[in-house]
Amino acid sequence: MKILVIGVGMYVTGRGTNTFGTIFPSIIEFQRINKIKKLEVIFAGHNFSNIQKSKKKVLKALKISKIDFSKINFKVSFYPNKKNKKQTYKDILKNEKNLSCAIVAVPDHLHYQVINECLDHDLHTLAVKPFTIKTSDARKLIEKKNKKKIFGLVEFHKRFDKHNLLLKNNYDSKRLGAPLSFNVEYSQKKIVPEELFRSWAYKTNIFQYLGVHYVDLVYFVTRATPVRILAIGQKNWLRKKGINTYDSIQCIIEWKTKSNIKFTQTLSVNWIDPNNSTAMSTQKIKFLGTKGNFESDQKARGIKIVSDDTHVEEPNPDFNMAFQEGNRTEWRGYGIQAITQFLSGVRKIKNKDFIKSNYYNKSKEDEFFKYFNFSSTSFEEAAISTAVLEAANKSLKNNSNWQKINL
Ligand SMILES: NC(=O)c1ccc[n+]([C@@H]2O[C@H](COP(=O)([O-])OP(=O)(O)OC[C@H]3O[C@@H](n4cnc5c(N)ncnc54)[C@H](O)[C@@H]3O)[C@@H](O)[C@H]2O)c1
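Residues numbered from 1 in each chain as written. Predicted model: local features only at pLDDT ≥ 70, side-chain atom pairs only at ≥ 80, totals over all residues. Heavy atoms only, no water.

**Things to note about helix 15 (residues 379–397)**
In this model, helix 15 (19 residues) spans 27 Å end to end at C-alpha, consistent with the 27 Å of a helix rising 1.5 Å per residue. Downstream of helix 15 by one or two residues, Asn 399 has phi in the positive range, about 55 degrees. (Helix = DSSP H or I, 4+ residues; strand = E, 2+ residues; numbered from the N terminus. Expected span 1.5 Å × (residues − 1).)

So this is what it looks like as structure tokens:
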């Protein structure tokens, strides 16, 4: 199996943080379970000095994982390299034979372009969120993917969080009655736009980078249709730091269920939490129904750590955490699960029996999903949150008026 990873930043390797990211640790965990005889991961960045930093992280993660390399062949390679400092993912797509799939983790505004090129090369593709910024781009990708019988997923990992599964189970059971509202608060530390994403923070906004997660989640829980949105934002602290993007955005989304019940979702998102905050992400969701409510504090997960050397920390052991198991490090959590589910799907699709099966011949992605019983977000489903963020951006530009959501 040969995996091309495009983008080698924080989410892939933990570059810029004291972690190892989420995408590469997920590949390690996938291999720990599957023990594929030959696994190769090709990392494509776009800057030689950055790729060197990422390479160090990758090699260290492999070392501490304590996978037994005498039994399996786990190869990693990095581009651009010393020989060819100008080489990009485009060259790899063109020249590399037998790629099994691609994982796209580049800045938000580049998703469409890079996913599109992966599909042009017939690669099963997992993209990080947001899928695309424009609905018209999402539609083009869906059409191409279906025509080429490609497996496409968007990595909305909150669908795998136990807190959210419990919310879905309670919603589905109807014990909380008909939906009235979902209230979401979601924020991250200042360090994210100010340092980690400084080079591209001004090209995105906090609703499309972060808020979009909980739009996908409300769709996942309710299977309702978003109808209209109003968004309002404030530019203050970041603008003073020379980054022209919103500090915070608030939205109201109106949704309609299949049985025509209207409910609202409010979102209050920001990325200027103090760097002393007890966790990178502060996140809460409250559901109000006609017969009851469900509240989930997704930051305070019951653990607090304080020492002479650090501020109080509230780690989230459920998302993606490195645990020591004897002398080896293992990564576990819903972030890991979302990526390994894609890799397992690719492995099954590449299986000769599957290619001969009716499911494959029918070719629709829906059939892949039925076959694998997947809960991940398909391109088709991800286009829904893209339509919401496109309408939110229109509202922000038009004096915060209501915008119809065009699916
Ligand atoms: N960091 C997280 O926790 C997280 C979680 C989920 C999803 N995401 C998403 O993952 C994506 C990347 O985030 P990140 O945290 O890794 O960001 P990052 O800034 O740390 O890394 C981005 C990487 O993209 C690549 N890149 C930049 N410009 C490029 C270009 N023109 N062509 C090709 N490659 C280019 C570079 O290799 C760079 O390392 C974003 O869309 C983000 O929304 C991040």
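And the narrative resumes.
**A closer look at the site of the ligand**
For the ligand, the set of nearby residues contains 20 residues, the closest of which are Met 10, Tyr 11, Asp 108, His 111 and Trp 200. Between the ligand and Asp 108, the relevant distance is 2.6 Å, taken from an oxygen atom to a side-chain nitrogen or oxygen of the residue. With respect to the ligand, the side chain of His 111 contributes an N or O atom lying 2.8 Å from an oxygen atom. Relative to its unbound accessible area of 820 Å², the ligand is 87% covered by the protein chains. Counted by class, the shell around the ligand contains twelve nonpolar, five polar and three charged residues. Residues from two domains meet in the shell around the ligand; each of domain 1 (2–157 + 332–378) and domain 2 (162–315) gives at least three. (Near = heavy atom within 4 Å. Polar contact = N/O pair within 3.5 Å; in protein donor to acceptor, adjacent residues only side chain to side chain. Areas by Shrake-Rupley, 256 points an atom, 1.4 Å probe, with all protein chains shown as cover. Nonpolar A, V, L, I, M, F, W, Y, C, P; charged D, E, K, R; others polar. Domains from an automatic or database assignment.)

**A closer look at the domain arrangement of the protein**
Considered domain by domain, the protein is made up of domain 1 (2–157 + 332–378) and domain 2 (162–315). Centre-to-centre separation of domain 1 and domain 2, based on C-alpha positions: 26 Å. If you look at the interface, domain 1 gives 14 residues, while domain 2 gives 13 residues. Here domain 1 meets domain 2 over a buried area of about 1,200 Å², counting both sides, of which 65% is carbon and sulfur. Run the count over domain 1 and domain 2 and you get zero salt bridges. In this structure, the connection of domain 1 to domain 2 is made through three residue pairs in polar contact (both at pLDDT 80 or more). The class makeup of the residues in the side of domain 1 that touches domain 2 is six nonpolar, six polar and two charged. (Contact = heavy atoms within 4.5 Å. Buried area = accessible area lost by both parts, 1.4 Å probe. Salt bridge = Lys/Arg side-chain N within 4 Å of Asp/Glu carboxyl O.)

**A look at the packing of helix 9 (residues 206–222) against helix 15**
Across the interface, helix 9 lies against helix 15 with an axial gap of 9 Å and an inter-helix angle of 130 degrees. With respect to their mutual orientation, helix 9 and helix 15 come out oblique. In this structure, helix 9 crosses over helix 15, and the sense of that crossing is right-handed. Together, Phe 207, Gln 208, Val 212, Val 215, Asp 216 and Tyr 219 of helix 9 and Glu 381, Ile 384, Ser 385, Val 388, Leu 389, Ala 392 and Asn 393 of helix 15 make up the contact between the two elements. Grouping the constituent residues of the contact of helix 9 with helix 15 by class yields eight nonpolar, three polar and two charged. (Axes fitted to C-alpha atoms, helices over the stretch in contact; angles between N-to-C directions. Parallel < 35°, antiparallel > 145°, perpendicular 65-115°, else oblique. Left-handed = near helix turned anticlockwise from the far one by under 90°.)

**A few points about the pattern of salt bridges**
Scanning the model with the defined rule gives 20 salt bridges in all. Linking Arg 159 and Glu 381 is a salt bridge whose minimum nitrogen-to-oxygen distance equals 2.9 Å. Placement of the pair is Arg 159 in the loop between strand 6 (152–155) and helix 7 (162–173) and Glu 381 in helix 15, with a sequence separation of 222 residues. Note on accessibility: Arg 159 and Glu 381 belong to one class, buried. Sharing partners across several salt bridges, the network here consists of Arg 159, Asp 216, Arg 223 and Glu 381. (Buried < 20%, exposed > 50% of the residue type's maximum accessible area, 1.4 Å probe, protein only.)

**A few points about unusual backbone geometry**
Omega for the bond connecting Tyr 79 with Pro 80 falls within 30 degrees of zero, at -5 degrees, which places this linkage in the cis form. By secondary structure assignment, the location of Pro 80 is in the loop between strand 3 (73–79) and helix 4 (89–95). The phi angle at Asp 122 is positive, at roughly 60 degrees, despite the residue not being glycine. By the element assignment, Asp 122 lies in the loop between helix 5 (111–120) and strand 5 (124–128).

**A look at the sheet that holds strand 17 (residues 377–378)**
Pairing between the strands of a sheet is mediated by backbone hydrogen bonds and can be parallel or antiparallel. Ordered in space as 3-2-1-4-5-6-17, the seven strands form an open sheet in which the pairing is mixed. Unpaired on one side and paired on the other, strand 3 and strand 17 mark the two borders of the sheet. Where helix 3 (residues 48–65) meets the sheet, it contacts strand 2 (38–44) and strand 3, and its direction lies at approximately 170 degrees from that of strand 3. (Pairing = 2+ DSSP bridges.)

**Things to note about the nonpolar core**
Grouped together as the largest cluster of nonpolar side chains are 75 residues, with contacts concentrated most on Phe 207 and Ile 229. At twelve residues, the largest contribution of residues to this core is made by helix 9. In terms of domain composition, this core takes at least three residues from each of domain 1 (2–157 + 332–378) and domain 2 (162–315). Setting aside its immediate chain neighbours within four residues, Phe 207 contacts Val 212, Val 215, Ile 229, Ile 249, Cys 251, Leu 267, Val 269, Val 388, Leu 389 and Ala 392. With 40 residues, the next largest nonpolar core counts Ile 3, Phe 30, Leu 62 and Ile 103 among its residues. (Core = buried A, V, L, I, M, F, W, Y, C linked by side-chain atoms within 4.5 Å.)

**With respect to the packing of helix 5 against helix 6 (residues 135–147)**
At a minimum axis separation of 10 Å, helix 5 and helix 6 run at an interaxial angle of 10 degrees. By the angle between their directions, the pair helix 5 and helix 6 is classed as roughly parallel. Contact with helix 5, carried on its side by Tyr 112, Ile 115, Asn 116, Leu 119 and Asp 120, involves Asp 137, Lys 140, Leu 141, Lys 144 and Lys 145 of helix 6 and no other residues of that element. Split by residue class, the contact of helix 5 with helix 6 holds four nonpolar, one polar and five charged.

**Looking at helix 3**
With 18 residues, helix 3 ought to run about 26 Å at 1.5 Å a step, and its terminal C-alpha atoms sit 26 Å apart, in line with that. Among all positions in helix 3, only Phe 48, Ile 51, Ser 54, Lys 57, Val 58, Ala 61, Leu 62 and Ser 65 are buried. Buried residues of helix 3, viewed axially, fall in a sector of 165 degrees; they line one side. Turned more than 90 degrees from where helix 3 packs its buried face, Lys 56 and Lys 63 sit exposed. In this structure, the buried residues of helix 3 make contact with helix 1 (10–13), helix 2 (23–34), strand 2, strand 3 and strand 16 (328–332). The residue sitting at the N-terminus of helix 3 and contributing the capping side-chain oxygen is Asn 47; that oxygen lies 3.0 Å from the backbone nitrogen of Ser 49. Within two residues after helix 3, Lys 66 carries a phi angle of roughly 60 degrees, on the positive side. (Arc of directions from axis to C-beta.)

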